[in-house]
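Overview (structure and organization)
Each chain is listed here by its residues.
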Amino acid sequence: MSSVNLVVMVVGLLVLAQQSFQMSLRNPVAETNNCKIDFTRLGLVLTSDTNEKALQDSGLFTPDAETPYVDIAGEKVNAAIAVQILLNRFRIQGIIHFGSAGSLDKESIVPGDVSVPLAVAFTGAWNWKKFGSDKGTLNFGEFNYPVNGENLLASVDYDKVKLFSKGHSPQDVFWFPSTTSWYSAATQVLQDLELRQCYDRACLSSKPKIVFGTNGSSSDSYIKNKAYGDFLHKVFNVSTADQESAAVAWTSLSNEKPFIVIRGASNVAGEANPGFSPASYLASYNAFLAAAKFIESIPTPRLACE
Ligand SMILES: *[C@@H]1O[C@H](CO)[C@@H](O)[C@H](O)[C@H]1NC(C)=O
Ligand SMILES: *[C@@H]1O[C@H](CO)[C@@H](O)[C@H](O)[C@H]1NC(C)=O
């Protein structure tokens, strides 16, 4: 009997998976033959069609026969709202978030690799300074081409954001660290995971690997610009950029729920994508494999029989 009851949230789409017998969506304790099975309810949060295709292709999770999906809100719900809905409606105990990312450091992460960051920085809150005032962290003049100099865009400082949670005073945060116990469990269970190197007769040039111990960055911006990618890498020592992981982390922390971020590198920021690249699918697929392996490792239910 399956131990994990998974609710999958794609932004705009929700799939219930792997329910091997009927149970109430609101009540995670099911009864069969006088035995009570306490489910572990986890939320798997993903954010793109490619992520969803990876999940469906895997065959590892099957939609619930009775309730394959639940439409809750329209298509434009963002990652943070999606996580909040999961937590409120489905009594989720923890959030596993996977997706793709751009590598900002091709020495350590190349397309097809999977990064499990220690923490993600939210790099989208800017304090945009006046021209002629003290310089912030990002000085546009330093990027003038062909020679650097002054620039009316002046400079930007990176702000912290407020993290509100029940019973605590608001905290100013820049980094969102993954839940320590989940992160360290992941470093063990994912160590020997075989990632996929080929898709549709196209193969990555090297064997993909799982990378631990790096940090990631996340903001609303999709980063194709190499100079900015290099800046983020240099200043914050972050190795990936994505658009949702900070929102997922932020919401999980606000609700004091454990979470982990797993991101597959689909490209290197600033480098041309060579037409259709199998790397973009393999990034999602490999990140999904890591998420599935992690879910499988989460402790099994307690069975109590009368
Ligand atoms: C990652 O960020 C944390 C802040 O949460 C910092 O303490 C740690 O040194 C960073 N790790 C790396 C590898 O840069
Ligand atoms: C930067 O991060 C790498 C891992 O991505 C780590 O090995 C290194 O020690 C970090 N450097 C600093 C200055 O924190």
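Up top is the structure.
Right, let's walk through the structure included here. All of these numbers come straight from a predicted model, not from anything done at the bench.

Conventions we followed
- Residues numbered from 1 in each chain as written.
- Chains lettered and ligands numbered in written order.
- Predicted model: local features only at pLDDT ≥ 70, side-chain atom pairs only at ≥ 80, totals over all residues.
- Heavy atoms only, no water.
- Buried < 20%, exposed > 50% of the residue type's maximum accessible area, 1.4 Å probe, protein only.
- Helix = DSSP H or I, 4+ residues; strand = E, 2+ residues; numbered from the N terminus.
- Arc of directions from axis to C-beta.
- Contact = heavy atoms within 4.5 Å.
- Phe/Tyr/Trp six-rings, centres within 6.5 Å; stacked < 30°, edge-to-face > 60°.
- Polar contact = N/O pair within 3.5 Å; in protein donor to acceptor, adjacent residues only side chain to side chain.
- Near = heavy atom within 4 Å.
- Areas by Shrake-Rupley, 256 points an atom, 1.4 Å probe, with all protein chains shown as cover.
- Nonpolar A, V, L, I, M, F, W, Y, C, P; charged D, E, K, R; others polar.

For the rest of this paragraph, the subject is helix H3 (residues 180-189). Every buried residue belonging to H3 is among Trp-182, Tyr-183 and Ala-186, and all of these are buried. The arc that holds every buried residue of H3, seen down its axis, measures 100°, which confines them to one face. Exposed positions of H3 whose direction lies more than 90 degrees from the buried face are Thr-180 and Gln-188. The inward-facing, buried residues of H3 contact strand S5 (40-46), strand S6 (94-103), strand S7 (114-116), strand S17 (210-212), strand S20 (259-268) and helix H6 (278-297).

Below, the discussion takes up the packing of aromatic side chains. Applying the stated criterion across every chain yields a total of 19 aromatic pairs. On the numbers, 6.3 Å between centres and 85° between planes, the contact of Tyr-183 with Phe-212 is edge-to-face. Pair noted here: Tyr-183 is in helix H3 and Phe-212 is in strand S17, with a separation of 29 residues, a long-range link. Since its relative accessible area comes to 11%, Tyr-183 is described here as buried.

The next thing to look at is helix H4 (residues 226-236). Of all the residues in H4, the buried ones are Tyr-228, Gly-229, Phe-231, Leu-232 and Phe-236. Buried residues in H4, looked at end-on, bunch into an arc of 160°, giving them a common side. Where H4 is buried, its residues meet strand S9 (126-128), strand S10 (138-139), strand S11 (155-158), strand S14 (175-177), strand S18 (215-218) and strand S19 (238-242). N-cap assignment for H4: the residue whose side-chain oxygen lies 3.1 Å from the backbone N of Ala-227 is Asn-225. Immediately beyond the C-terminal end of H4, within one or two residues, lies Asn-237, with a positive phi of roughly 55°.

To continue, consider the site of ligand 2. Taken together, Gly-213, Thr-214, Asn-237 and Ser-239 make up the full set of residues adjacent to ligand 2. Asn-237 has a polar side-chain atom sitting 2.4 Å from an oxygen atom of ligand 2. Computed on the free molecule, ligand 2 has an accessible area of 360 Å², of which 31% lies beneath the protein chains in the complex. Split by residue class, the shell around ligand 2 holds no nonpolar, 4 polar and no charged.

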